[in-house]
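The residues making up each chain are set out below.
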Amino acid sequence: MQVTNSATVVDYFPEAFVAEADDTKGMKVTIKRFIKRVYFRANGMKSYSVIVATDAKNEWQSRIAKGAIVTNFNTDKMDRSEYMPLMC
């Protein structure tokens, strides 16, 4: 998802796809983590972080409630040439 306001453009890219058992469908795929990219319009800087799905949902609701609009839906993972988080 991409959420835009007057100061920032925030992209959320799905990162961790997990297959889970489902009583109705048998198997479903859920997203557990997102890579969040914040683009600051004033200076062109970018900030990256990895967040869990529940935090992403809360941020979407908060930003939209404050007047931001949804401008795109990111359904693919972010290109690894742009950002690759470190593994612990």
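Residues numbered from 1 in each chain as written. Predicted model: local features only at pLDDT ≥ 70, side-chain atom pairs only at ≥ 80, totals over all residues. Heavy atoms only, no water.

**As for the pattern of salt bridges**
What the rule picks out here adds up to seven salt bridges. Notably, a salt bridge pairs Lys36 with Glu59, separated by 3.1 Å at the nearest N-O pair. Here the residue Lys36 occupies a position in strand β3 (residues 26-40), and Glu59 occupies one in helix α1 (residues 53-65), the gap between them amounting to 23 residues. When the shortest N-O distance is used, the salt bridge between Lys46 and Glu82 registers 3.8 Å. Of this pair, Lys46 sits in strand β4 (residues 46-52) while Glu82 is found in the segment after β5 (69-72), placing the two residues 36 residues apart along the sequence. Overall, the relative accessible area of 32% leaves Glu82 in the partly exposed class. Among the ionic contacts, a cluster of salt bridges with common partners joins Asp11, Arg37, Lys46 and Glu82. (Salt bridge = Lys/Arg side-chain N within 4 Å of Asp/Glu carboxyl O. Helix = DSSP H or I, 4+ residues; strand = E, 2+ residues; numbered from the N terminus. Buried < 20%, exposed > 50% of the residue type's maximum accessible area, 1.4 Å probe, protein only.)

**Observations concerning the packing of aromatic side chains**
Applying the stated criterion across every chain yields a total of three aromatic pairs. Ring centres of Phe34 and Trp60 lie 5.5 Å apart, and the angle between their planes is 80°; on these two criteria the pair is classed as edge-to-face. Taken as a pair, Phe34 in strand β3 and Trp60 in helix α1 lie far apart in primary sequence, 26 residues in all. Given a relative accessible area of 16%, Trp60 falls into the buried group. Ring centres of Tyr48 and Tyr83 lie 4.9 Å apart, and the angle between their planes is 5°; on these two criteria the pair is classed as stacked. Taken as a pair, Tyr48 in strand β4 and Tyr83 in the segment after β5 lie far apart in primary sequence, 35 residues in all. Judged by relative accessible area, which is 25%, Tyr48 ranks as partly exposed. For Tyr83, a relative accessible area of 18% corresponds to the buried category. Through successive ring pairs, a cluster of aromatic residues spans Tyr12, Phe34 and Trp60. (Phe/Tyr/Trp six-rings, centres within 6.5 Å; stacked < 30°, edge-to-face > 60°.)

**Topic: the sheet that holds β4**
The five strands lie next to each other as β4-β3-β2-β1-β5, forming an open sheet whose pairing is antiparallel. The sheet is open, and its two borders are formed by β4 and β5, each paired with just one other strand. Along the sheet, successive strands turn relative to each other by an average axial angle of 30°, direction set aside. Bridge analysis of strand β1 (residues 2-4) against β5 gives three bridges, and the strand direction is antiparallel. Each residue of the ladder has a partner; that of Val3, found in β5, is Val70. (Pairing = 2+ DSSP bridges. Axes fitted to C-alpha atoms, helices over the stretch in contact; angles between N-to-C directions.)

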